[in-house]
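Close look at the chain arrangement
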Amino acid sequence: MTSRQIDLSPIGGRRIGRRRAAWRVVLLAAACALLGAGALEWANRAHLREQLRIPLSEIDTAALRDLTTAIAATKLDPWHIAERFEAVAEKHPDSPVDSPVAPYALWSAHIGAFEDEERIRLALEAAEIATPENPRYAIYVDTASWQLKRAGRQHEAIALVEQALERAGPDHRERLESALERAKRGNAVDGD
């Protein structure tokens, strides 16, 4: 009885030349790079959807692309976060009107800023351009009031939160009321 060998190799027992093998390796590497880039884009969009708290289909495609590009770039170069996100906010100030992109970009720029005055400016701008319809409205106002209080500008912080409370709907009230309480307390300390 003769034994029969079964060839399980992907090329079926044929020999392939070095040039053809090199092309296959290059094509496989390109496919892996494309899959990796797609996975990174999907992860960035999932993170953004969670942060903005609205469906991404409601956001202008160009603004969304610029925002996800800025998020991906900050992972590679964390030293220019503020400039990158501020550029996104300037490029898409209100596309469409009441878009959450500009306030979120300014808020993200505030996080990446190094100087206190720049942080205050960016946080205030995010709070001022956000509308009460924005799901993160109370977060922007709370952040700006905390930055103001921390800088010793307690009266401005209180005024900002009181003005926001007049405009805000019931879904923002709880966070804004706690922000007002925190703003009215004594001197600010880190971690307040």
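Position numbers for residues count from 1 along each chain, tracking the sequence in the order it is written. Selection of residues for local features in this predicted model requires a pLDDT of at least 70, selection of side-chain atom pairs for listing and counting requires 80 or more, and totals for whole chains, interfaces and linings are taken over all residues. With hydrogens and water excluded, all non-hydrogen atoms of the structure serve as input to the side-chain values.

Details of the overall build of the chain
Condition: Helix numbering and strand numbering both begin at the N terminus, where a helix is a DSSP run of H or I of at least 4 residues and a strand a DSSP run of E of at least 2. Summary of the burial criterion: residues with accessible area below 20% of their type's maximum are buried, those above 50% are exposed, and those between are partly exposed, where the area comes from a 1.4 Å probe applied to protein chains only. Here a residue-residue contact requires only that any non-hydrogen atoms of the pair lie within 4.5 Å.
Secondary structure summary: the chain contains eight helices and zero strands in total. Along the chain, helices and strands appear, N-terminal first, in the series α-α-α-α-α-α-α-α. Going through the 192 residues of the chain one by one, you find that 38% of them count as buried. Partitioning the contacts of the chain with sequence separation of at least 6, the portion at a separation of at least 24 is 56%.

Focus: the pattern of salt bridges
Which entries qualify depends on this criterion: Salt-bridge detection follows one rule: a side-chain nitrogen of Lys or Arg within 4 Å of a carboxyl oxygen of Asp or Glu.
What the rule picks out here adds up to nine salt bridges. For Asp142, the salt bridge goes to Arg175, with nearest N and O atoms at 3.0 Å. One end of the pair, Asp142, is in helix H6 (residues 137–150); the other, Arg175, is in helix H8 (residues 170–184), with 33 residues separating them in the sequence. Ionic pairing is found between Arg153 and Glu156, a salt bridge with its closest N-O pair at 2.9 Å. Residues participating in the shared-partner salt-bridge network are Glu86, Arg121 and Glu125.

With respect to helix H7 (residues 154–167)
For clarity, the cut-off: Any helix carries an expected span of 1.5 Å times its number of residues minus one. Of all possible arcs, the one meant is that of the directions from the helix axis to the C-beta atoms.
Between the first and last C-alpha of H7 there are 20 Å, a value that for 14 residues agrees with the 20 Å anticipated at 1.5 Å per step. Three or more residues of H7 are buried, namely Ala157, Ile158, Leu160, Val161, Ala164 and Leu165. Along H7, the residues classed as buried sweep out an arc of 160° about the axis, all on the same side. Away from its buried face by more than 90 degrees, H7 exposes His155 and Glu166. On its buried face, H7 sits against helix H5 (116–129), H6 and H8.

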